[in-house]
Amino acid sequence: MSHSSELSLEQRFSIRSFENQVQHMSHQQAQEFLVQLYEQMMVRENMYKDFIKHQWGLEPKSE
């Protein structure tokens, strides 16, 4: 993993245990899980975008 230097020890440990969980999944379980994960990433991205817009005052002012 190329970004491991940016992660805390706790996060790296969490990734290892996640890795173990994933290894025991069936192919179908893994596919369904990936789709859910991707959806969560998009939701989080939207939350960040909204947060940044709000912080930077980029939202149109409601009167």
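Thresholds applied
Residues numbered from 1 in each chain as written. Predicted model: local features only at pLDDT ≥ 70, side-chain atom pairs only at ≥ 80, totals over all residues. Heavy atoms only, no water. Phe/Tyr/Trp six-rings, centres within 6.5 Å; stacked < 30°, edge-to-face > 60°. Helix = DSSP H or I, 4+ residues; strand = E, 2+ residues; numbered from the N terminus. Buried < 20%, exposed > 50% of the residue type's maximum accessible area, 1.4 Å probe, protein only. Expected span 1.5 Å × (residues − 1). Salt bridge = Lys/Arg side-chain N within 4 Å of Asp/Glu carboxyl O.

- In the annotation of an unreviewed UniProt entry, the entry for the protein chain reads Phycobilisome degradation protein nblA, and the organism field reads Hyella patelloides LEGE 07179.

Considerations on the packing of aromatic side chains
Note on aromatic pairs: each is described by the distance of the centres and the angle between the planes.
Working step 1: Throughout the structure, instances matching the rule amount to one aromatic pair.
Working step 2: A ring pair is formed by phenylalanine 18 and phenylalanine 33, whose centres lie 5.7 Å apart and whose planes are at 40°; its orientation type is tilted. Taken together, the residues phenylalanine 18 in helix H1 (residues 9-23) and phenylalanine 33 in helix H2 (residues 27-56) connect sequence positions 15 residues apart.
Working step 3: Exposure remark for phenylalanine 18: the relative accessible area of 36% places this residue in the partly exposed category.

A few points about H2
Working step 1: The first and last C-alpha atoms of H2 sit 43 Å apart over 30 residues, in line with the 44 Å expected at 1.5 Å per residue.
Working step 2: One or two residues past the end of H2 sits glycine 57, with phi positive at roughly 65°.

Structural notes on the pattern of salt bridges
Working step 1: Across all of its chains, the model carries two salt bridges by this definition.
Working step 2: Between glutamate 19 and arginine 16 there is a salt bridge whose closest N-O contact spans 3.4 Å. Of this pair, glutamate 19 and arginine 16 both sit in helix H1, three residues apart, which is roughly one turn of that helix.
Working step 3: By relative accessible area, which is 38% here, glutamate 19 ends up partly exposed.
Working step 4: Among the salt bridges present, the one from lysine 49 reaches glutamate 45, with a minimum N-O distance of 3.3 Å. Of this pair, lysine 49 and glutamate 45 both sit in helix H2, four residues apart, which is roughly one turn of the helix.
Working step 5: Owing to a relative accessible area of 44%, lysine 49 belongs among the partly exposed residues under this scheme.

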